[in-house]
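# Remarks on the overall topology
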Amino acid sequence: MDPSITPNAMSRRDFLQCTAVAASAVSLPLVPATLAAAPAAPGEAAQAFAEPLPVVLKVNGLTHKLSLEPRVTLLDALRESLGLTGTKKGCDHGQCGACTVLADGRRINACLTLAIMHEGQEITTVEGLARDGRLSPLQAAFITCDAFQCGYCTPGQLCSATALLAELRAGDASAVSADVRRPQQAASDAEIRERMSGNLCRCGAYPNILAALRGVAAQPGAPG
Amino acid sequence: MRPFFYDRASNPEHALDLARQPDSRFIAGGTNLIDLLKNDVQQASRLIDLNRAGLEAIQATADGGLSLGALARNSDTANHPQVRQHYPLLTQAILSGASPQLRNMATNAGNLMQRTRCYYFNDPAFDRCNKRVPGSGCAALEGFSRNHAVLGASEACIATHPSDMCVALAALDAVVLVRGPQGERRIPLGEFHRLPGSQPHLDTTLGEGELITAILLPPSPFQDHAHYLKVRDRASYAFALVSVAAGLALRGDVVEHASVALGGVAPRPWRVPGAEAALIGQRVGTAGFDRQAGGVADALLAGAHGTKDNQFKVLLARRSIVRALQLAGQPMGGAV
C-alpha cells in the first residue's frame, strides 16, 4: 500500500511522540507501580498494607534510619534506599549468590530476607570490605588472579569468600569433609569449591576464583 | 510481592497470640517462604517474625539425647559440637543441602516446613496443581517429572519433600515438639509429613495455630558409622534425585543395629519399619552384608514405580542404599 494515500496518514515521528505522551500519562499517578499493581490480599484493603514502618539498619558501620514497607527485601533496601549498588540482584530467588552480604559476619542471600528482619545486626556489603582505603587481601587476590570477567557476581563472591575464611578458621565442616566429627581447617581445592558452590559465575572464572581463595587461605592467620 | 502486615514475636507465647489473627503466617529464615511470596505461590496478609522468639538453643535432654531449637540455623545445627560428635549423619545431611548462605538463614523448623520443589507447584503460570490450588489437577502427571516421587505418591500429586536434613532426622528417630492453642504435643518425624492422598495441599500434620518449638533427638548408636549419600545432577547446590541416610551400630564388625531412610523419592522421608532387620548379625565388608543390604533396599522400595521420566530412580535408589550402607560400615573418613 502506498503510504501517501492512507487516510489519516501519520509519520513515524508523530506516532512516537504520541505514544510517549500516552506512556507518561500512564505513569503519572505518584504511586509506585508495584503498589498500584498489587491486588488486595484477602480481607484487607491493599492501602493499609502499604504503610511503611521505621527500620534502622546498620550497614558498613553506619546507622541508617529508613522508612520501609515490611515486604522490602534486604537486597532492595541496600540498593534502592541506601544506594549501595555493589550488592547485585542476579536471580532474586536465592539460586545465584550475587546478592551475598554479611550479617554479623555470616554470609546470607540478601534477596531472600526482609530488611526489617535485620534491625540490630551489622550488615557488611562489598563496599565495606576495604579498610582505610586499602583493599582486603581477598579483593587484592581477586585482582592479582584475574578472578572475574564481567564482574557481576564478584561482590557476592567476595562477601562469600570472606565468610568462608572465617568458617574455616572456626573449624566448620562441609559436605566434602572426610570426617565431620573432626575440626576442618585444611583448605583443599575440593573444600573451597564445595564451600563456594552458592555463588555462580556465568563467565566461568571459577579456576581463578579458586586460585585467589587458595592463596589467601594459605596465608598464616588469613584475615580475609 | 503482595503487601502484608508484619509483627515481631518476642517469645513463643507471644507468637501463638499473634498467630490468632486471620491469614497470618510464621516467618523465620524466609529462604523458602519469601521465594513463594515473590512468585505468588503462597499468600499471607500478615507475617509473624519468629527470629526474636528465643527458640535457638541446642541442648542436652534428660534422656541423654539432644534438643535442637526450632530457630537454630541449619549451619549452627550442623556444626554444633554435640551434633558433630554424636549425630554425624545429621551434620552430613544438612551440609549436603542448599548453600552456605542459605544454611546460615534457614532454620530447623523451616527445613521441616519447606514446600516441594515440583516445577509445577512453584510456577503459578501452570493452572493445574492440587497442592497449590486444591482440585485443579496435576500438571506433573503428564508433564516433566524427573525430580518427582516413586513412592507414596497419589493420582492427585507426585511431588517429593525436598529436604536432606529431614532424611537424617527420620533415620535418627527424631520427634517434633509442637506448641499450640491446646498445649504441647510430640509428633514422631515419620508422622509429621503427610502422604498426599486426595489432599496434597496439606503437607504436614501440624495443626492450625501450632508452632514447632524444637526437634528432639534420642541418644544415637550411630556416632561412629553413618553415611549420608546424595545423588544429584551436579556436585553441589542441587536437590537430591535420590538420597540415603544410613546408620550402623557395630560390635566389632558385626551389625547390632541399623537405620536407613530415603530422600528425593517420596512426599516424605521414606522409612519402612523393620526393613533393616536383615542386616542384624551381618559382618561388614562381606558378601553376606552386601546381599542383605540389597534386601534392605528391596524392603524400602517395595511398591516403587516411576513415571516415564523418573523410573530410573528405583534402580538408582537400590544401588544407593547398598552403597550408603557399605560406606557407613567403613571408618568415617575412609581408612586414614
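Definitions and limits used
Residues numbered from 1 in each chain as written. Chains lettered and ligands numbered in written order. Predicted model: local features only at pLDDT ≥ 70, side-chain atom pairs only at ≥ 80, totals over all residues. Core = buried A, V, L, I, M, F, W, Y, C linked by C-beta atoms within 7 Å. Buried ≥ 20, exposed ≤ 12 C-beta atoms within 10 Å, placed from the backbone. Contact = placed C-beta atoms within 7 Å. Pairing = 2+ DSSP bridges. Helix = DSSP H or I, 4+ residues; strand = E, 2+ residues; numbered from the N terminus. Axes fitted to C-alpha atoms, helices over the stretch in contact; angles between N-to-C directions. pLDDT = per-residue confidence, 0-100. Domains from an automatic or database assignment. Nonpolar A, V, L, I, M, F, W, Y, C, P; charged D, E, K, R; others polar.

### A few points about the nonpolar core
In terms of nonpolar packing, the biggest core is built from 156 residues, with Leu89, Ala168, Leu169, Val176, Ala245, Val260 and Ile321 of chain B touching the most fellow members. Not counting the four nearest positions on each side in its chain, Ile321 of chain B is found in contact with Val244, Val260, Ala293, Val296, Ala297 and Leu300 of chain B.

### Quick look at the sheet that holds strand β1 (residues 5-8) of chain B
All names here are of chain B. Taken together, three strands build an open sheet; the order of strands is β1-β3-β2 and the sheet is parallel. Here the strands that pair on one side only, and so sit at the sheet edges, are β1 and β2 (24-27). Neighbour-to-neighbour, the strand axes of this sheet turn through a mean angle of 25°, independent of strand direction. Sheet topology places β1 next to strand β3 (residues 46-49); four bridges connect them, and they run parallel. Among the inter-strand pairings, Tyr6 is bridged to a residue of β3, identified as Leu47.

### Comments concerning the environment of Leu53 of chain A
Here Leu53 of chain A is to be found in strand β1 (residues 53-59). Sequence spacing of Leu53 of chain A and Ala212 of chain A is 159 residues, and the spatial spacing of their C-alpha atoms is 42 Å. Setting aside chain neighbours within four positions, we find Leu53 of chain A in contact with Leu68, Pro70 and Ile116 of chain A together with Tyr6 of chain B.

### Some remarks on the sheet that holds strand β7 (residues 183-188) of chain B
All names here are of chain B. Pairing is antiparallel across the open sheet formed by five strands, whose spatial order is β4-β5-β8-β6-β7. Among the strands making up the open sheet, the edge pair consists of β4 (58-60) and β7. When the angles between neighbouring strand axes are averaged without regard to direction, this sheet yields 25°. Note that strand β6 (residues 175-180) and β7 share six bridges and pair antiparallel. The residue bridging Leu177 from the neighbouring strand is Arg186, located in β7.

### Some remarks on unusual backbone geometry
Residues and elements named next belong to chain B. Phi is positive for Asp40, which is not a glycine, with a value near 60°. Its location among the elements puts Asp40 in the loop between α2 (33-38) and β3. Despite not being glycine, Ala98 has its phi angle at roughly 55°, a positive value. Here Ala98 falls in the buried class, since 29 other C-beta atoms lie within 10 Å of it.

### Examining the confidence of the model for chain B
Residues shown with low pLDDT carry predicted positions that ought not to be read at fine detail. Of all residues in chain B, 99% attain a pLDDT of 70 or more, and the chain-wide mean is 97. Here the prediction assigns the complex a pTM of 0.91, and the interface score ipTM is 0.97.

### Regarding the domain arrangement of chain A
All names here are of chain A. Partitioning chain A into domains gives domain 1 (49-127) and domain 2 (137-218). Relative to domain 2, the C-alpha centre of domain 1 lies at a distance of 23 Å. Of all the secondary structure elements, the ones that give two or more residues to the side of domain 1 that touches domain 2 are β3 (100-103) and β4 (106-109). By residue number, the principal contributor to the side of domain 1 that touches domain 2 is β3, which donates three residues. Taken together, the residues of the side of domain 1 that touches domain 2 break down into six nonpolar, six polar and three charged.

### Quick look at the pairing of β3 of chain B
Residues and elements named next belong to chain B. Going residue by residue along β3, you find Arg46 and Ile48 tucked away on one face and Leu47 and Asp49 tucked away on the opposite face as well. Where β2 meets β3, four bridges bridge the pair, whose relative direction is parallel. Paired with Ser24 across the two strands is Arg46, which belongs to β3.

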